[in-house]
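Descriptive analysis of the structure
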Amino acid sequence: MLIKGIGGLMIVSSSGLIGILLSNKYVARPKIIRKLRFSLQMLETEIMYGATPLPYALYNVGVKSDKPWEAFFKESSDNILERRYYSMEEAWNNAIDKHLNNVCLHKHDIELLRNFGKIIGKSDTEDQKKHFKLMYAQLEHHEEIAEAERKKNERMYRSLGFLLGIAIYIIII
């Protein structure tokens, strides 16, 4: 009887933990998008008002940003400064591939970032301001969607994990 109880507790707690881990993906995505928006605002300030060249602006933003954006911006900067790639788009995409694969972003979030990498640093200051504003609007929209998904799915996955564990335990008994 004691062994059944301990086994049941292990089943319920492990399935509950799996549900919590799945729900954490929904919790992390809005935070990561918000951090990206703040990092891009720092990048805009560096470029527009500090007149910092793009590779150095990327590095400065990387130093000031939180994870995962810290490594992303530093890698983009290093790719240009060390001449691994000769276009900003290639350097940007390489940093995306290297640092954002295991992040809780959706494909359309990554695609938005890739599109921004195509246009950054290719036009004058006024045009860059317009691109940054458009990016902020798109990121806010993605953040709102992510927050709605979080509200909808976070509680469901946590509850479902524990309920599934209880159901498995009942079936085994």
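A brief structural summary. One numbering rule holds for all chains: residues counted from 1, following each sequence as written. Since the coordinates come from a predicted model, pLDDT governs what is reported: local features require at least 70, and pairs of side-chain atoms require 80 or more to be given and counted, while whole-chain, interface and lining totals use all residues. Derived side-chain values reflect all non-hydrogen atoms in the structure, with water molecules and hydrogen atoms excluded from consideration.

1. Thoughts on the packing of helix H1 (residues 2–49) against helix H6 (residues 125–172)
As a packed pair, H1 and H6 sit with axes 8 Å apart at the nearest point and diverge in direction by 175 degrees. Viewed along their axes, H1 and H6 adopt a mutual orientation that is roughly antiparallel. Just so you know the grouping, Ala, Val, Leu, Ile, Met, Phe, Trp, Tyr, Cys and Pro go in nonpolar, Asp, Glu, Lys and Arg go in charged, and all remaining residues, Gly too, go in polar. Considered class by class, the residues forming the contact of H1 with H6 number 26 nonpolar, 14 polar and 13 charged. Axis lines are fitted through C-alpha atoms, for helices just across the contact stretch, and the angle between N-to-C directions can take any value from 0 to 180 degrees. The way it works is that DSSP assigns letters per residue, a run of H or I at least four long becomes a helix, a run of E at least two long becomes a strand, and they are numbered from the N terminus. For classification purposes, an angle smaller than 35 degrees is called roughly parallel, one larger than 145 roughly antiparallel, one from 65 to 115 roughly perpendicular, and anything else oblique.

2. What about the side chain of His142?
Examined against the element boundaries, His142 turns out to sit in helix H6. Burial here depends on accessible area, computed with a 1.4 Å probe over protein chains only, as a share of the maximum for the residue type. Under 20% is buried, over 50% is exposed, and the range in between is partly exposed. Look at His142 and you get buried, because its relative accessible area is 11%. When checking whether two residues touch, look at their non-hydrogen atoms; a contact exists if any pair is within 4.5 Å. Once residues lying within four places of it in the same chain are set aside, the contact partners of His142 are Arg29, Ile33, His108, Asp109 and Leu112.

3. Thoughts on the packing of H1 against helix H2 (residues 54–64)
H2 packs onto H1 with a crossing angle of 140 degrees between their chain directions and a minimal axis gap of 9 Å. Looking at the two axes, H1 sits oblique to H2. Seen along the crossing, H1 lies across H2 with a hand that is right-handed. Seen from H1, the contacting residues are Ser39, Met42, Leu43, Glu46 and Ile47; seen from H2, they are Leu54, Ala57, Leu58, Asn60, Val61 and Lys64. Residue composition of the contact of H1 with H2, by class: seven nonpolar, two polar and two charged. Helix crossings fall into two classes, left-handed where the near helix is turned counterclockwise from the far one by less than a right angle and right-handed where it is turned clockwise.

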